[in-house]
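Here is how the chains run, residue by residue.
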4 protein chains.
Amino acid sequence: MWIHLSNESKDPLYKQLKDQIKQQIIDGTLEGDTELPSIRTLAKNIQTSVITVKRAYSELEQEEFLYTRAGRGTFVKATEKRILQQKVEKQFETEVDRLFQLGASLGLSIEEMMTIIQRLKEERK
Amino acid sequence: MWIHLSNESKDPLYKQLKDQIKQQIIDGTLEGDTELPSIRTLAKNIQTSVITVKRAYSELEQEEFLYTRAGRGTFVKATEKRILQQKVEKQFETEVDRLFQLGASLGLSIEEMMTIIQRLKEERK
Amino acid sequence: MWIHLSNESKDPLYKQLKDQIKQQIIDGTLEGDTELPSIRTLAKNIQTSVITVKRAYSELEQEEFLYTRAGRGTFVKATEKRILQQKVEKQFETEVDRLFQLGASLGLSIEEMMTIIQRLKEERK
Amino acid sequence: MWIHLSNESKDPLYKQLKDQIKQQIIDGTLEGDTELPSIRTLAKNIQTSVITVKRAYSELEQEEFLYTRAGRGTFVKATEKRILQQKVEKQFETEVDRLFQLGASLGLSIEEMMTIIQRLKEERK
DNA sequence: GTGGTCTAGACCACT
DNA sequence: GTGGTCTAGACCACG
């Protein structure tokens with residue numbers, strides 16, 4: 001498993017780790033029932049503390065991306081692609097909502113927001 | 001001046017205060033050269049410490065929304081509406097960028113993101 | 001006497017007042033033995049407190065630009081132009097020295113400093 | 001790290017601290033990604049309060065000389081020498097501008113100012 | 001009265 | 001252990 005934690009990132013380490021595992025599950029790099037490295041092994045590999053890995057694993061477990069069997073290890077939860085896709089979209093929607101709220105609090109109309117979003121979208125192409 | 005701070009918000013107090021003042025400047029409730037309440041008065045009114053208010057005021061001063069003069073008080077900076085608008089848009093753009101990055105890390109294409117954004121926009125109407 | 005105090009200036013009011021009187025003495029607008037307005041009168045005129053004017057007058061007296069006769073008033077000290085010029089240059093030199101020190105502390109050589117100074121001088125023309 | 005704070009300086013403590021750290025970054029004593037002492041450790045060492053150190057660190061972070069991560073520490077930001085040089089020159093330019101303004105307010109022509117500057121430069125050699 | 005600086009504590013999230 | 005936030009005091013310069 002390829003993980004890269006950056007010391008300069010503003011995200012806390014546990015979140016960087018969590019996000020990277022999550023993404024690998026989403027894009028199919030990590031398939032259902034794959035066994036993840038043990039907390040201690042992974043901690044050693046990416047040179048961080050056990051606590052950090054533990055936190056990432058348990059939050060992913062709570063979000064139903066992983067499951068743990070005591071004494072055996074931690075595994076990727078087998079999930080239909082469709083369900084996975086739904087999860088992803090739901091998370092994205094939450095953030096879009098937040099964005100709309102921010103825009104409104106700044107006094108922007110929804111049309112003004114869309115104009116800006118469209119412009120930035122074009123720039124990204 | 002109407003301020004409401006919540007202990008339940010996950011934003012720190014100084015940020016809640018800062019955001020509310022900023023918004024009132026943006027929407028025109030607070031006009032240029034208006035004198036704000038003194039840090040001590042405001043602190044008493046909203047039942048928080050002087051330092052919390054001070055911090056909100058100084059960050060807003062740094063972002064050029066306020067100016068403060070020792071011994072005289074703190075005032076809203078007179079700013080052309082056009083400049084204000086630019087500041088607002090810039091802040092919004094930063095957040096849109098962040099959203100696009102999040103979407104990409106979730107494996108969504110930019111078109112998929114736009115579809116979701118459009119759908120939520122319609123729902124908000 | 002023409003005085004303009006700005007609320008937006010970063011300088012304290014007493015310093016703005018002091019500097020403006022000083023400049024008028026230097027450029028000859030205020031000649032030797034001219035009587036200045038009384039502290040109270042001036043304070044009323046420029047809409048500030050007596051304390052502020054008092055401080056400006058007494059610092060100028062200390063720097064030998066003014067003299068006060070109890071019960072009679074405050075007057076501009078008659079000074080040869082040559083002496084005045086010397087005072088001015090001395091004050092300016094102090095600031096130049098400070099600038100050189102700052103530059104040195106920033107790791108700039110004296111030649112680098114001169115290059116920047118020359119460039120800014122040209123731009124001001 | 002060598003820091004010396006003086007109670008006699010008219011600069012506030014946090015500014016003295018800030019300036020000294022900044023200078024060590026500029027002259028290369030502190031290299032990119034070097035970890036600075038924790039705010040608590042440094043506060044103890046230089047016998048000042050945690051808040052004073054915190055303030056110096058955060059202002060330097062805002063000026064992009066440092067970055068700090070909760071739970072990890074505070075580090076010198078890796079910056080190209082070229083960028084660093086630009087920052088330094090910009091700061092110096094601000095001060096030169098101020099000097100020119102002072103000179104003008106004293107009734108000196110720009111050529112008179114340059115004469116004085118040149119003379120003092122020669123004396124420093 | 002105003003803001004600017006500083007101290008000596010405290011609790012929280014993160015490692 | 002680290003930094004982030006917050007409180008309740010204090011003294012100073014300015015008006």
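Please refer to the structure placed before this passage.
Residues numbered from 1 in each chain as written. Chains lettered and ligands numbered in written order. Predicted model: local features only at pLDDT ≥ 70, side-chain atom pairs only at ≥ 80, totals over all residues. Heavy atoms only, no water.

Student: Which parts of the structure should I look at to understand the protein's contact with DNA strand E?
Tutor: Around DNA strand E, the structure places 28 residues, and the nearest of them are Leu13(A), Arg55(A), Lys54(B), Leu13(D) and Thr52(D). When the atoms of DNA strand E within 4 Å of the protein are sorted by group, sugar and phosphate make up 79%. In the environment of DNA strand E, a phosphate oxygen lies 2.6 Å from a nitrogen or oxygen atom belonging to the side chain of Arg55(A). Contact distances for DNA strand E include 3.3 Å between a phosphate oxygen and a backbone N or O atom of Tyr14(D). Contributions of two or more residues to the surface near DNA strand E are made by helix H1 (13-26) and helix H3 (50-62) of chain A, helix H2 (39-45), helix H3 (50-62), strand S1 (66-69) and strand S2 (73-76) of chain B together with helix H1 (13-26) and helix H3 (50-62) of chain D. (Near = heavy atom within 4 Å. Polar contact = N/O pair within 3.5 Å; in protein donor to acceptor, adjacent residues only side chain to side chain. Helix = DSSP H or I, 4+ residues; strand = E, 2+ residues; numbered from the N terminus.)

Student: How should I be thinking about the nonpolar core in this particular structure?
Tutor: Generally speaking, soluble globular proteins have nonpolar side chains that are buried together. Among the nonpolar cores identified, the biggest contains 63 residues, and Leu17(A), Phe92(A), Ile117(A), Leu17(B), Phe92(B) and Ile117(B) are the most heavily contacted of them. Each residue touching Leu17(B), except ones within four places of it in the same chain, is listed here: Ile3(B), Leu5(B), Leu42(B), Ile46(B), Thr52(B), Val53(B) and Ala56(B). Grouped together as the second largest cluster of nonpolar side chains are 45 residues, Ile21(D), Leu36(D), Leu42(D) and Val88(D) included. (Core = buried A, V, L, I, M, F, W, Y, C linked by side-chain atoms within 4.5 Å. Buried < 20%, exposed > 50% of the residue type's maximum accessible area, 1.4 Å probe, protein only. Contact = heavy atoms within 4.5 Å.)

Student: Please explain the interface of chain B and chain A as it appears in this structure.
Tutor: For an interface, size is often stated in terms of accessible area lost upon the parts coming together. Taken residue by residue, the interface counts 33 residues in chain B and 32 residues in chain A. At the boundary of chain B with chain A, total buried surface from both sides reaches about 3,200 Å², with 73% on carbon and sulfur atoms. When the area that chain B buries against chain A is broken down by residue, the three leading residues are Phe92(B), Leu106(B) and Arg124(B), summing to 22%. Summed over the shared surface of chain B and chain A, the result is six salt bridges. The salt bridge partner of Lys121(B) is Glu111(A), with a shortest N-O separation of 3.4 Å. Per-element accounting of the side of chain B that touches chain A gives the leading share, 16 residues, to helix H4 (residues 81-105) of chain B. Tallied by class, the residues present in the side of chain B that touches chain A amount to 16 nonpolar, seven polar and ten charged. (Buried area = accessible area lost by both parts, 1.4 Å probe. Salt bridge = Lys/Arg side-chain N within 4 Å of Asp/Glu carboxyl O. Nonpolar A, V, L, I, M, F, W, Y, C, P; charged D, E, K, R; others polar.)

On their own, these measurements won't tell you what the molecule is for.
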